[in-house]
Amino acid sequence: MSNAYAKAGVDVHAGYRSVELIRKHIESTFTSGVFGGLGGFGGMFSMAEFKIMEDPIMVFGADGVGTKIELARIMDKHDTVGIDLVAMCVNDILCCGAKPLVFLDYIACGKNVPERVEQIVAGMSEGCRQAGAALVGGETAEHPGLMDDDEYDLGGFAMGVVDKPKMIDGTRIKAGDVLIGLSSSGTHSNGFSLIRKVLGVNAAVLNIYVDELSATFGEILLTPTKIYVKSVLALLETYPDKVLGISHMTGGGIIENLPRFFPKNAKLTARVDSSKLQTPPIFDIIAKKGGIDRMDMFGTFNMGIGMVLCVPECSVDNILKLLEQNGEKAHVIGDIIKRENDLGEICIK
């Protein structure tokens with residue numbers, strides 16, 4: 001290693017050590033489509049799956065974990081945010097009906113600590129296994145002078161594919177259709193700037209045991225984002241014409257995200273019955289401590305619903321049964337109505 005580069009704060013040998021530590025985790029995600037191995041200049045993946053499709057459409061997603069990383073840093077627990085990173089990307093591309101194929105990551109850090117990088121990548125690898133995607137590449141970059149030694153940030157990138165005739169685009173949604181909510185695992189990865197402000201997050205706060213949660217704040221808030229890929233793809237395989245729209249509850253909460261599956265200029269309203277959401281107690285605690293009103297909560301958080309499916313009323317029972325067979329806690333949370341009077345794209349009652 002260049003002595004000059006080392007004096008500038010970049011430890012190349014730490015990079016080599018990180019690669020050796022993460023190799024087994026990355027290789028555990030490899031699927032039959034992966035070509036080559038770790039260490040090349042580009043990740044490679046076979047296009048064979050595209051050949052069996054009538055009109056294959058590539059679908060891409062990129063996201064991060066936001067300031068949830070600050071909680072991981074305080075608690076020195078870095079694997080769950082790796083799962084979050086994958087989840088935020090693959091859940092997004094799933095909304096088109098796409099099957100995730102590959103994932104890539106970017107880790108920016110003040111100092112490359114190989115054992116910390118291994119924790120992060122171990123989490124990413126777990127997320128990829130849950131999604132059936134291969135972790136085919138990534139980058140860990142040291143930024144001495146720009147970031148403190150214990151600071152880091154994450155970026156993730158997913159690519160999937162869907163056959164155009166099977167793509168979910170919301171164009172068939174109509175009044176009378178039903179909204180099915182898939183339960184979240186908690187706060188997922190959105191709203192953490194508000195959470196940190198409301199709770200005054202520090203090491204002492206994160207270690208407080210809360211009776212209503214049956215856990216500490218840290219344990220609840222670092223619970224990773226649920227990945228819905230395998231259960232929803234199984235549903236699409238069994239009932240390919242019965243899922244009319246899919247929406248991932250990310251930044252902007254239920255209010256901003258649920259109507260995103262409507263086609264342009266649709267004169268429809270998604271009507272949500274909030275009493276059916278089975279909202280976890282962490283959200284009540286946040287609202288009470290922060291003095292946050294009801295609509296602000298729905299405009300920031302998932303409120304216990306990580307993904308919403310729009311389906312025909314006649315198919316609800318079969319779809320709920322299949323989702324539950326695939327491990328989802330799913331329930332009807334509302335319906336679609338014609339937009340009238342002063343109603344907007346969403347109505348929460």
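Up top is the structure.
Starting from 1, residues in each chain are numbered consecutively following that chain's sequence as written. Local features in this predicted model are restricted to residues whose pLDDT is 70 or higher, and side-chain atom pairs enter the listing and the counts only when it is 80 or higher, whereas totals over whole chains, interfaces and linings include all residues. Side-chain measures were taken over the full set of non-hydrogen atoms in the model, leaving aside hydrogen atoms and water.

Relative to the assigned elements, E237 resides in helix 10 (residues 229–238). Along the sequence, E237 and G299 sit 62 residues apart, while their C-alpha atoms lie 32 Å from each other. Working definition: helices are DSSP H or I runs of at least four residues, strands are E runs of at least two. Numbering for both runs from the N terminus.

The next subject is the environment of E115. Relative to the assigned elements, E115 resides in helix 6 (residues 114–131). Exposed residues in this analysis have more than 50% of their type's maximum accessible area, buried residues have under 20%, and partly exposed residues fall in between, with area computed by a 1.4 Å probe over protein chains only. Residue classification places E115 among the partly exposed positions, given a relative accessible area of 43%. Along the chain, E115 and H78 lie 37 residues apart, while their C-alpha atoms are 9.9 Å from each other. Any two residues whose heavy atoms approach within 4.5 Å are treated as being in contact. Non-local contacts of E115, meaning those with residues more than four positions away in its chain, are made with R17 and L21.

Let us look at the packing of aromatic side chains. Aromatic rings from Phe, Tyr and Trp, with only the six-membered ring used for Trp, were paired whenever their centres fell within 6.5 Å, and each pair was classed as stacked if the ring planes differed by under 30 degrees, edge-to-face if by over 60, and tilted otherwise. What the rule picks out here adds up to 2 aromatic pairs. On the basis of an interplanar angle of 70° and a centroid distance of 5.5 Å, the ring pair of F261 and F262 is categorised as edge-to-face. With respect to burial, F261 and F262 carry one shared label: buried. Plain terms: the ring middles of F283 and F301 are 5.7 Å apart, the flat faces sit at 55° to each other, and that makes the pair tilted.

Bringing the pairing of strand 7 (residues 178–183) into the picture now. Of all 6 residues making up strand 7, 6 are buried, and the element is well covered by its neighbours. Here strand 7 shows a buried face lined by V178, I180 and L182 and a second buried face lined by L179, G181 and S183. Taken together, the 6 bridges between strand 7 and strand 12 (residues 305–311) define a ladder with antiparallel strand orientation. Across the sheet, residue L182 finds its bridge partner in strand 12, namely M307. The rule for pairing is simple: two strands pair if DSSP sees at least two bridges between them. Alignment of strand 7 against strand 13 (residues 330–338), held across 5 bridges, turns out to be antiparallel. The residue bridging G181 from the neighbouring strand is H331, located in strand 13.

To continue, consider the pattern of salt bridges. Every case where a carboxyl oxygen of Asp or Glu lies within 4 Å of a side-chain nitrogen of Lys or Arg is listed as a salt bridge. Taken as a whole, this structure holds 12 salt bridges when the rule is applied. E20 is the salt-bridge partner of R23, the closest N and O atoms lying 3.4 Å from each other. Of the two residues, R23 and E20 are both situated in helix 2 (residues 12–27); the distance of 3 residues between them amounts to about one turn of the helix. Classification of R23 by relative accessible area gives partly exposed; the value is 27%. Here R129 ties to E126 by a salt bridge, and the two come within 2.9 Å at their closest N and O atoms. Taken together, the residues span about one helical turn, with R129 and E126 both in helix 6 at a distance of 3 residues. You can call R129 partly exposed: its relative accessible area is 34%. Take E126: its relative accessible area is 29%, and that puts it in the partly exposed class.

Turning next to the sheet that holds strand 3 (residues 56–63). Reading across from one edge, 3-6-4-5 is the order of the 4 strands in this open sheet, with mixed pairing throughout. At either end of the open sheet lies a strand with only one pairing partner, and these are strand 3 and strand 5 (134–142). The sheet shows a mean angle of 15° between the axes of neighbouring strands, direction not considered. Note: strand 3 against strand 6 (residues 152–163), 8 bridges, orientation antiparallel. Bridge pairing in strand 6 places G61 opposite A158. Running over the sheet, helix 5 (residues 79–94) touches strand 3, strand 4 (99–109) and strand 6 and is turned about 35° from strand 6. All axes are obtained by fitting lines to C-alpha atoms, using only the stretch in contact for helices, and the reported angles, taken between N-to-C directions, cover 0 to 180 degrees.

Bear in mind that shape data such as this cannot, by itself, settle questions of function.
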